[in-house]
Amino acid sequence: MLPHKKIELKLQAAVRELLPDADVSAVLVRPCDPKFGDYQSNALMALAKARKLDPRQLAADVVARLDVSGVCDPVTIAGAGFLNFRLIPALLRQTLEAAARGEHLFFDLAANPKTVVIDFSSPNVAKPMHVGHIRSTGIGDALQRVLRLLGHRVISDNHIGDWGTQFGKLLLGWKQLLDRPALERDAIAELERLYKVINAECDAHPARLEAAKAELVLLQAGDADNVAIWREMIALSQKQFDAIYGRLGVSFDVALGESFYNPCLGGVVADLLARGIARESEGAVGVFSDGSLPPREDPFLVNRDGEWLPDPALVRKSDGGFKYTTTDLATVDYRLKTWSPRDIVYVVDDRQSGHFKKLFLIVDRWQPAAAKNTRLVHVGFGKILGDDGKPFKTRSGDTVKLGDLLDEAEARAFVIVSEKSSDMPEAQRREIARVIGLGAVKYADLLPNRQSDYIFSWDKMLALQGNTAPYLQYAYARIQSIFRKSESSSSLVTRHSSLALAAPEEFALAKHLLNFGLTLEAVAGEYRPNFLCNYLYDLAGKFTSFYECCPVLKAETDATRDSRLALCALTARVLKQGLAVLGIEVVEQM
RNA sequence: GCGCGCGUAGCUCAAUUGGAUAGAGCGUCGGUCUCCGAAGCCGAAGGUUGUGGGUUCAACUCCCGCCGCGCGCACCA
């Protein structure tokens, strides 16, 4: 068990002894400014406030019952009631040596693993994946990797858009305008062309729209020809998806698209009607406010001219068709029944927050028992903007295709790598450029607080200075360079090393290594990968400071050399593992 | 109009249950390679966290007003 966890357990025990009925789940420690110690807890101040106790007195009473011998120096109370903990050097050393022996990598597996369904990426059939899919795909993939590393059970699900009204137009286009050779050259481009042409025609001519609707009705009725074409469009799209996911290294446990739930939709609406959750209105069926929330907080109400009017979530259109709310409800139902998850996480654009707010409230009403055990979470994110502050587009104003974006990332990285390492064989430079280019794009997307928009900048994401993937990859490559120059491999060195920390830079690096697990838990708890980005950037910074000040191979004594080699190896392992759960690879040289 | 979100250094972004002196990078200025990768490192300058109130021992964080920007507002997803 890592030191910070030991402290937390002892602290919680002391609080429970003093206040037997207190909820100690929030009694935690966090890393703090070194001048105060290694960890601090401010939890007692909140506890004191809630119970109207004197915070300093509570802190003193807790500390009197707190036994952290063997873990920390005597605990000090500061300010309004902070507890400051300073690790004893022996425990720091032991923790690092155990890690060097491969017994852990500064994180503990979850004591209570949870089952989490993560819904992300969700591309549409017959459309190219574009820049808009990076965020959902990258954040979702990072989350599934972090949760798995911590020992949780994850079901990642790609909810592909393979059903809906757009197929009426696509079928009409396929039957009347399909250019077979073009389809074979670039299936997605041809499907996109068909859709655009028919869509424009439908806007102009009601008859065309009727024809498209007729094709849709046939498809929904199971017409053999239309179903066959629809299946072919899905297969062609899947090839595109597979190619992109292959490049990105992203995989899913299941990919249950919208069509999978099609047979359930009628039943969902019937059930909602039967339970009085939904009702008919103007020929459609919708879920209306149940009045349980104040109007201002009720998403099923909208204010017009000072009057609160219904703003229902429709589950069936007046023409009998279903809406995506209906599909989403069927999907929740399936997930609850199939996996009984603790969380269902939707990694979807923040612009859909209103939809999810309604969806989650409907689930609460529809399946109150299951909803009590499952938390539905909308992990939203902001937009990607161009340097003009408007949504990121190509020069000609089109959406940026994901494949093109990845190509450009690799091409730009190749130019840089070739410039810096001109003596390397081209094949090696290509491979390095692939890792750096893809890593740069992914990292730039994971770094900002996910709720905010960010401005896409090739120069910034590919720079070696600042908080970028190449900077982290460079730190890793430098460490590997040390091991190439040393006699021993990193695993051999570390396995037999004992740590002897002396310089402040060594302590700072060593202590930061200990916080890896804490950071992973924060990522998993709040669904925010950027915490890990910032941790890794700090780690690389602390490593380079150490590297500048503390000669490794030229250390004064063998003991110091071995100790520093061990620190290097541990740093490399954490960097590699940390980047790996962000979906980013490393290279030995760059 | 109503709702949701955002507003932090010149620029791009951080800031983990409200916590201790709001941090980075770019840009600017100044140091640093006969020494393990200088694609690096060290330092300086740069802030009334949009604005006005409130709650608190403590507010970028919570509450209210205002200003500015973005997004969403039944029968697309």
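Residues numbered from 1 in each chain as written. Chains lettered and ligands numbered in written order. Predicted model: local features only at pLDDT ≥ 70, side-chain atom pairs only at ≥ 80, totals over all residues. Heavy atoms only, no water.

A.B. asks: Give a detailed account of the overall build of chain A, specifying residues and quantitative values.
C.D. replies: Each helix and strand counted, chain A has 23 helices and 15 strands in total. A total of 590 residues make up chain A; the buried ones form 51% of that total. Pairs at least 24 apart in sequence give 73% of the contacts found in chain A among residues at least 6 apart. As displayed, chain A offers around 27,200 Å² of accessible surface, 51% of which is attributable to carbon and sulfur atoms. The positive charge centre, built from 72 side chains, and the negative charge centre, built from 74, are 2 Å apart in chain A. (Helix = DSSP H or I, 4+ residues; strand = E, 2+ residues; numbered from the N terminus. Buried < 20%, exposed > 50% of the residue type's maximum accessible area, 1.4 Å probe, protein only. Contact = heavy atoms within 4.5 Å. Areas by Shrake-Rupley, 256 points an atom, 1.4 Å probe, with all protein chains shown as cover. Lys, Arg positive; Asp, Glu negative; His and termini not counted. Charge placed at Lys NZ, Arg CZ, Asp CG, Glu CD.)

A.B. asks: Go over the protein's contact with RNA strand B with me, naming the residues and quoting the values.
C.D. replies: Around RNA strand B, 69 residues are found, and the nearest of them are Lys 35, Asn 84, Arg 478, Lys 485 and Tyr 547. Each atom of RNA strand B within 4 Å of the protein was assigned to sugar, phosphate or base; sugar and phosphate come to 56%. Contact distances for RNA strand B include 2.6 Å between a base nitrogen and a side-chain N or O atom of Asn 84. In this structure, Ser 281 approaches RNA strand B through a side-chain N or O atom, which is 2.8 Å from a base nitrogen. Looking at the surface near RNA strand B residue by residue, the classes come out as 27 nonpolar, 20 polar and 22 charged. (Near = heavy atom within 4 Å. Polar contact = N/O pair within 3.5 Å; in protein donor to acceptor, adjacent residues only side chain to side chain. Nonpolar A, V, L, I, M, F, W, Y, C, P; charged D, E, K, R; others polar.)

A.B. asks: For the sheet that holds strand S6 (residues 153-157), give the residues involved together with the corresponding values.
C.D. replies: Judged by pairing direction, the sheet is parallel, and its four strands sit side by side in the order S6-S5-S12-S13 without closing on themselves. The sheet is open, and its two edges are formed by S6 and strand S13 (375-379), each paired on a single side. The average undirected angle you get between the axes of adjacent strands in this sheet is 20°. Of the strand pairs in this sheet, strand S5 (residues 115-119) and S6 are connected by five bridges, and their pairing is parallel. (Pairing = 2+ DSSP bridges. Axes fitted to C-alpha atoms, helices over the stretch in contact; angles between N-to-C directions.)

A.B. asks: Can you lay out the domain arrangement of chain A for me, pointing to particular residues and giving the numbers?
C.D. replies: Under the domain assignment, chain A is made up of domain 1 (3-87) and domain 2 (166-251). The gap between the C-alpha centroids of domain 1 and domain 2 is 62 Å. (Domains from an automatic or database assignment.)

A.B. asks: Outline the pairing of strand S12 (residues 343-347), supporting the account with residue identities and numerical values.
C.D. replies: Of all five residues in S12, five are buried, a share of seventy percent or more. Taking every second residue as pointing to the same face, both faces of S12 are buried, with Asp 343, Val 345 and Val 347 on one and Ile 344 and Tyr 346 on the other. As defined by bridge partners, S5 adjoins S12 across four bridges and the pair is classed as parallel. Considered in S12, the bridge of Asp 119 is made with Tyr 346.

A.B. asks: A description of the sheet that holds strand S3 (residues 76-78) should follow, citing residues and the corresponding values.
C.D. replies: Within the open sheet, the four strands sit side by side as S1-S2-S4-S3. Their pairing is antiparallel. The sheet is open, and its two edges are formed by strand S1 (30-31) and S3, each paired on a single side. Note that S1 and strand S2 (residues 39-41) share two bridges and pair antiparallel. The residue bridging Pro 31 from the neighbouring strand is Tyr 39, located in S2.

A.B. asks: Give a detailed account of the pattern of salt bridges, specifying residues and quantitative values.
C.D. replies: Under the counting rule described, the total for this entry stands at 37 salt bridges. Across the salt bridge formed by Lys 35 and Asp 33, the nearest N and O atoms sit 4.0 Å from each other. The shortest N-O distance in the salt bridge between Arg 365 and Asp 290 comes to 3.4 Å. Note that Arg 365 is positioned in helix H13 (residues 353-366) and Asp 290 in the loop between strand S8 (284-287) and strand S9 (301-304), a separation of 75 residues in sequence. It is possible to trace a salt-bridge network through shared partners that takes in Lys 114, Arg 342, Asp 343 and Arg 375. (Salt bridge = Lys/Arg side-chain N within 4 Å of Asp/Glu carboxyl O.)

A.B. asks: Outline the nonpolar core, supporting the account with residue identities and numerical values.
C.D. replies: Among the nonpolar cores identified, the biggest contains 148 residues, and Phe 85, Leu 96, Phe 106 and Leu 405 are the most heavily contacted of them. Per-element accounting of this core gives the leading share, 11 residues, to helix H23 (residues 558-581). Taken together, domain 1 (3-87) and domain 2 (166-251) each give at least three residues to this core, which thus spans both. Those residues in contact with Phe 106 that sit more than four places away from it in its chain are Leu 2, Thr 95, Leu 96, Ala 99, Leu 513, Leu 514, Phe 516, Gly 517, Leu 570 and Val 574. (Core = buried A, V, L, I, M, F, W, Y, C linked by side-chain atoms within 4.5 Å.)

A.B. asks: Any chance you could break down the side chain of Thr 137 for me, citing the residues and the numbers?
C.D. replies: Examined against the element boundaries, Thr 137 turns out to sit in helix H5 (residues 132-149). Given the relative accessible area of 2%, Thr 137 is considered buried. A polar contact is formed between the side chain of Thr 137 and the backbone oxygen of His 133, at a distance of 2.6 Å. If sequence neighbours within four positions are ignored, Thr 137 has contacts with Phe 120, Ser 121, Met 129, Tyr 245, Leu 248 and Val 250.

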